[in-house]
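Per-entry structural report
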Amino acid sequence: MHRTLLGTAALLLAIGYNLPFAGLAAQFDYPDILRRPASEVFEAFAAGGPQLVLTWYAFALSAVALILFAPALALGTAQWARRPGLAVAAAIVGALAGLAQAIGLMRWVFAIPGMAAAYADPGADSVTRAALEVGFGLLNQWGGVAIGEHLGQMLTVVWVALAATQAWHSRLPLSRLAALPAVLAIAGITLGLGEGLSLALGHEAPVLGMLAVAGFLALSLWLVILGAGLIARPFFPARQPL
């Protein structure tokens, strides 16, 4: 039962990440729109209405789910006592990765809607709109690029490396098969870190951003394979309750 729940959680996490992502791509031209002028972002956001806000909220909740899932995966298996340092590190780093991503994504739920509404207000003058554009730029660079993307991606890379190593040593069914998407996820997300640094240096690097997206897709595949492996074979000894 425990292994089935954990495996199901891995599958649901993959789905919970990709469904909102696909919705944002369709409704909001995400992630390309993140690098467009604030005026275009505000206009598109206002046009999306409450449905867009809820989609962003669902996306943020997938990051919150990682805060819970990473410790459960690391400490809930029979292998954690054999390599406690690896398990504790995976639990902590994974939870921090989810927290950083959630902080970055939550700005679209609790900060941007008010800014977009103020920008779309017919009574807003050019000074107000200019101030909102500057505020959006600062919020996007700090809360989005620095915390949600750059720091969140750095921690995610480390977590995948730790969790994949733990799964490999567990001899879980399909763990060997899961190694390839884990490596691809680490490579893609690591290369994607260069986009944020490029923006800080005044250059755009959309190719690096797409590599990060590809890395997260590989991470989703890793979660699916990992979840299938957890469900396929008892991962918790009968004598040791979770």
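Figured I'd write up the structure that's included with this text. (Residues numbered from 1 in each chain as written. Predicted model: local features only at pLDDT ≥ 70, side-chain atom pairs only at ≥ 80, totals over all residues. Heavy atoms only, no water.)

Overview of the overall build of the protein
Tallying secondary structure elements over the protein gives seven helices and zero strands in all. Written out in order from the N terminus, the α and β elements of the protein read α-α-α-α-α-α-α. Referenced to the eigenvectors of the C-alpha coordinate spread, the extents of the protein come out at roughly 70 × 35 × 25 Å. Burial statistics for the protein: of 242 residues in total, 46% are counted as buried. (Helix = DSSP H or I, 4+ residues; strand = E, 2+ residues; numbered from the N terminus. Buried < 20%, exposed > 50% of the residue type's maximum accessible area, 1.4 Å probe, protein only.)

Digging into the environment of Ala214
When you line up the elements, Ala214 lands in helix H7 (residues 206-232). Of the residues examined, Ala214 reaches a relative accessible area of 40% and is grouped as partly exposed. Once the C-alpha coordinates of Ala214 and Asn140 are considered, the two residues, 74 residues apart in sequence, prove to be 22 Å apart.

Comments concerning unusual backbone geometry
Leave glycine aside and you will find that most residues have negative phi; peptide bonds, for their part, are mostly trans. Cis rather than trans, the peptide bond between Tyr30 and Pro31 has omega equal to 5°. With a phi angle near 55°, Asp29 is a residue other than glycine that sits in the positive phi range. Examined against the element boundaries, Asp29 turns out to sit in the loop between helix H1 (2-28) and helix H2 (38-75).

Section: the packing of H1 against H2
Taken N-terminus to C-terminus, the directions of H1 and H2 make an angle of 165°; their axes are 9 Å apart at the nearest point. Considering their axes alone, H1 and H2 lie roughly antiparallel with respect to each other. Handedness of the crossing formed by H1 with H2: left-handed. In terms of residue class, the contact of H1 with H2 is built from 21 nonpolar, six polar and no charged. (Axes fitted to C-alpha atoms, helices over the stretch in contact; angles between N-to-C directions. Parallel < 35°, antiparallel > 145°, perpendicular 65-115°, else oblique. Left-handed = near helix turned anticlockwise from the far one by under 90°. Nonpolar A, V, L, I, M, F, W, Y, C, P; charged D, E, K, R; others polar.)

Re the side chain of Asn140
Mapped onto the elements, Asn140 comes out in helix H5 (residues 126-170). Each residue touching Asn140, except ones within four places of it in the same chain, is listed here: Leu34, Arg35, Arg107, Trp108 and Val145. (Contact = heavy atoms within 4.5 Å.)

Side note on the nonpolar core
With 64 residues, the main nonpolar core has Phe45, Trp56, Phe69, Leu73, Trp108, Trp159 and Trp222 as its most contacted residues. With 15 residues, H2 is the largest single contributor of residues to this core. Setting aside anything within four residues of it in sequence, one finds Trp159 in contact with Leu66, Phe69, Ala70, Leu73, Ala90, Val93, Gly94, Leu219, Trp222 and Leu223. (Core = buried A, V, L, I, M, F, W, Y, C linked by side-chain atoms within 4.5 Å.)

Some thoughts on the packing of aromatic side chains
Tallied over the full model, the rule gives 17 aromatic pairs. Consider the rings of Tyr17 and Phe59, whose centres lie 5.5 Å apart with planes at 40°: the pair is tilted. Placement of the pair is Tyr17 in helix H1 and Phe59 in helix H2, with a sequence separation of 42 residues. Overall, Phe59 belongs to the buried group, its relative accessible area being 4%. Measuring from centroid to centroid gives 5.5 Å for Phe21 and Tyr30, while their planes differ by 75°, and the two rings are edge-to-face. (Phe/Tyr/Trp six-rings, centres within 6.5 Å; stacked < 30°, edge-to-face > 60°.)

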